[in-house]
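Each chain is listed here by its residues.
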Amino acid sequence: MGEYNEELQAILDISIALSAEKDRNKLFNMIISKSMDICDCDAGTLYLYEDDKLTFKIMKTLSMNVDKGSDGEAIELPPVELKEGNICAYCAIHRQTLNIPDVYESDRFDFSGPKKYDSMTGYHTGSMMAIPLIDSEDNVVGVLQLINSFDKEGNIVPFDVSHENVVYALGSQAAIAISNVRYQQELNDQMWSFAQAMATAIDERTPYNASHTRKVAEYSGMLADHINKLHDEGKEEEYFSKSRRDQLVMGAWLHDIGKLVTPLEVMNKATRLGGREKDIEKRLERISLKARIAMLEGRLSEEEYADVLRKTGQCTELISRANSAGFLDDELYGSLSEAFNYEFEDEGESIRFFTDEEKECLSIRKGTLTDKERKIMEEHVAITARILDKVHFNKYFKDTPVWAAQHHECLNGRGYPNHLKAEELTTDARIIAVADICDALLATDRPYKKPIPKDKAIDIMRDMASAGNIDARLVEYMAQCLG
């Protein structure tokens with residue numbers, strides 16, 4: 001009775017441990033090791049049922065010092081077909097525990113494989129037991145095969161019949177644990193596929209954003225790994241667990257999801273005029289033609305006509321310089337301001353060289369967006385928050401939507417959309433912000449700017465950190481990562 005109670009307690013302890021273990025490889029190791037302990041046997045193999053076959057996951061033989069698959073590495077053996085001649089396949093097909101006292105005395109199954117292994121290695125396969133792993137939904141998730149049970153003197157003996165139910169019970173708990181881990185993995189895979197599908201949709205909307213999301217995710221993971229390296233060296237207090245790192249990278253993948261609804265004419269605006277160039281060109285041609293007609297009809301002197309041509313030519317040249325310039329200096333801005341006042345008077349008709357909208361576009365000092373367009377562009381962050389608020393993130397990814405929606409906040413409170421300050425921003429949100437800016441500076445596919453050398457990009461980010469916009473510590477870490 002005491003031995004039975006000990007076995008029962010062992011099963012309970014193992015069941016609790018199995019239900020708590022989330023690491024797939026550790027779970028597999030626990031299943032096979034605990035089963036071998038209970039049966040006091042020398043070897044074991046864990047198969048998982050995958051694609052209508054039994055795939056080798058872990059193989060252990062204590063006396064031969066064999067341990068394969070424990071670290072998750074693939075075992076280079078072909079999967080076992082579900083044919084009744086094979087003991088583990090029969091076990092899976094019929095959901096039945098099989099206890100073979102001596103494989104050399106049994107003709108029930110094809111044991112040519114173990115016998116060939118014995119002849120090659122000098123090992124002796126004696127007793128064998130195969131246990132189906134059946135989960136709570138009555139699905140066979142695998143098979144546990146144990147070899148060579150020992151008595152107290154170390155002799156190979158048949159597996160004790162009393163152990164069949166014990167190991168079967170353990171196998172059921174193991175199957176449930178395996179299914180739970182598998183379901184969790186499927187949920188995680190589903191989340192990653194969703195995030196990457198959304199990122200692909202965003203980046204495909206514009207030819208100027210093809211790799212942005214991927215790069216921000218890459219830089220974010222790179223910074224987390226660098227922080228962990230410094231932590232291991234005793235130089236950094238923070239540490240990114242797998243869960244925290246996954247949430248961070250997921251947030252980076254989703255940070256621009258709001259751009260799904262940003263108008264393309266804003267998101268793809270490559271120049272200040274954004275396609276209005278032809279309208280101005282036609283208007284200037286019309287003004288030049290009207291001036292020539294007025295001169296030929298005597299309503300305009302040759303000097304006045306020459307002045308009109310000078311002005312239209314000057315405007316064409318200014319547009320060419322200003323339309324795609326990264327920044328308007330004072331000289332260019334002043335020349336444009338003067339040209340904005342040009343008008344042509346002809347027979348009571350006054351034609352302005354530029355419309356108010358065109359003036360606004362050409363007056364943009366930096367970038368290509370007007371204040372109105374910039375506000376539309378900035379709305380993508382608030383939209384990101386609203387979209388992600390509709391997505392159910394499980395506990396594993398609970399912080400992902402928060403960090404994704406904070407990538408344009410600044411430490412000094414001047415960011416958007418919520419004007420959060422340093423004490424309200426985690427390192428994780430700060431990392432995505434730095435990664436986003438880093439790619440914006442280094443990107444080679446932006447129509448409104450040339451790519452910036454790494455050293456200059458870091459200097460710009462240092463200036464932004466000095467102004468209180470982004471985290472100076474993370475900027476230095478990025479510099480170290482980029483080398």
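Residues numbered from 1 in each chain as written. Predicted model: local features only at pLDDT ≥ 70, side-chain atom pairs only at ≥ 80, totals over all residues. Heavy atoms only, no water.

Thoughts on the overall build of the protein
To keep it simple, the criterion reads: A run of H or I in DSSP counts as a helix once it spans at least four residues, and a run of E counts as a strand once it spans at least two, with each numbered from the N terminus. Buried means the residue's accessible area, taken with a 1.4 Å probe over protein chains only, is under 20% of the maximum for its type, while exposed means over 50%, and partly exposed covers the values in between. Pairs of residues are marked as contacts when any of their non-hydrogen atoms sit within 4.5 Å. Areas reported here follow the Shrake-Rupley algorithm with a probe of radius 1.4 Å; residue values treat only the protein chains shown as occluding. For the charge count, each Lys or Arg is scored as positive and each Asp or Glu as negative, with His and the chain ends excluded. To locate a charge, take NZ of a lysine, CZ of an arginine, CG of an aspartate or CD of a glutamate.
Helix and strand counts for the protein come out as 17 helices and 10 strands. Across the 483 residues that make up the protein, the buried fraction comes to 48%. A separation of at least 24 residues holds for 64% of the contacts in the protein among residues at least 6 apart in sequence. Of the roughly 24700 Å² that the protein leaves accessible, carbon and sulfur atoms contribute 51%. If the 58 positive side-chain charges of the protein are averaged to one point and the 85 negative ones to another, these points end up 6 Å apart.

Considering empty space enclosed by the protein
Note the following rule: Whether a set of points on the 1 Å grid over the protein atoms alone is a cavity depends on a 1.4 Å probe fitting there but being unable to get out, while an open set qualifies as a pocket with protein on both sides within 12 Å along at least five of seven lines; lining residues are those with an atom within 4 Å of a point. Grid points are joined across faces, edges and corners, and a volume is the space filled by probe spheres set on the points. Following the grouping adopted for this structure description, the nonpolar residues are Ala, Val, Leu, Ile, Met, Phe, Trp, Tyr, Cys and Pro, the charged ones are Asp, Glu, Lys and Arg, and the polar ones are all others, Gly among them.
Following the criterion strictly, the structure yields 1 cavity of 30 Å³ or more and no others. For the largest cavity, the calculated volume is near 50 Å³. When grouped by side-chain class, the residues that make up the lining of the largest cavity number 5 nonpolar, 2 polar and 3 charged.

A word on the pattern of salt bridges
Heads up, the condition is: Salt bridges are counted wherever a side-chain nitrogen of Lys or Arg sits within 4 Å of a carboxyl oxygen of Asp or Glu.
Per the stated rule, a full pass over the model turns up 34 salt bridges. Taking the shortest distance from any N to any O, the salt bridge between K215 and E218 comes out at 3.3 Å. Linking K215 with E218, this pair stays in helix α6 (residues 212–232), spanning 3 residues, or about one helical turn. Taking relative accessible area as the criterion, K215 reaches 18% and is therefore assigned buried.

So, the pairing of strand β2 (residues 53–61)
Our working definition: By the convention used here, strands pair only if DSSP detects at least 2 bridges between them.
Among the 9 residues of β2, 7 are classified as buried, and the element is accordingly described as predominantly covered. Where strand β1 (residues 41–50) and β2 come together, 8 bridges link them in antiparallel fashion. By the bridge assignment for β2, Y49 is matched with L54. Hairpin connection between β1 and β2: a loop of 2 residues separates the two successive antiparallel strands, and D51 in this loop has a positive phi of roughly 55 degrees. Sheet topology places β2 next to strand β4 (residues 80–81); 2 bridges connect them, and they run antiparallel. The residue of β4 that forms the bridge with L54 is V80. Relative to strand β3 (residues 66–68), β2 runs antiparallel, the two sharing 3 bridges.

What about helix α2 (residues 24–39)?
Each α-helix winds once per 3.6 residues, and so residues spaced three or four apart point in a common direction. Condition: Given a helix with a known number of residues, its expected span is that number minus one, times 1.5 Å.
In this model α2 runs 23 Å from its N-terminal to its C-terminal C-alpha over 16 residues, within 8% of the 22 Å that 1.5 Å per residue would give. L27, F28, N29, M30, I31, I32, S35, M36, I38 and C39 are the residues of α2 that are buried.

A closer look at the environment of F397
On the secondary structure map, F397 appears in the loop between α13 (371–389) and α14 (400–404). Overall, the relative accessible area of 0% leaves F397 in the buried class. When the C-alpha atoms of F397 and S350 are compared, they prove to be 62 Å apart, with 47 residues separating the residues in sequence. Once residues within four sequence positions are removed from consideration, F397 is found in contact with N188, M191, W192, D246, Q247 and M250.

With respect to unusual backbone geometry
At the junction of Y416 and P417, the peptide bond is cis and its omega measures out at 10 degrees in the coordinates. Along the chain, P417 falls in the loop between α14 and α15 (427–442). The backbone of N65 shows a phi angle near 55 degrees, a positive value even though the residue is not glycine. Tracing the backbone shows N65 in the loop between β2 and β3. For N65, a relative accessible area of 72% puts it in the exposed group. For N148, which is not glycine, the phi dihedral falls at a positive 60 degrees. As for its placement among the helices and strands, N148 is situated in strand β7 (residues 140–150).

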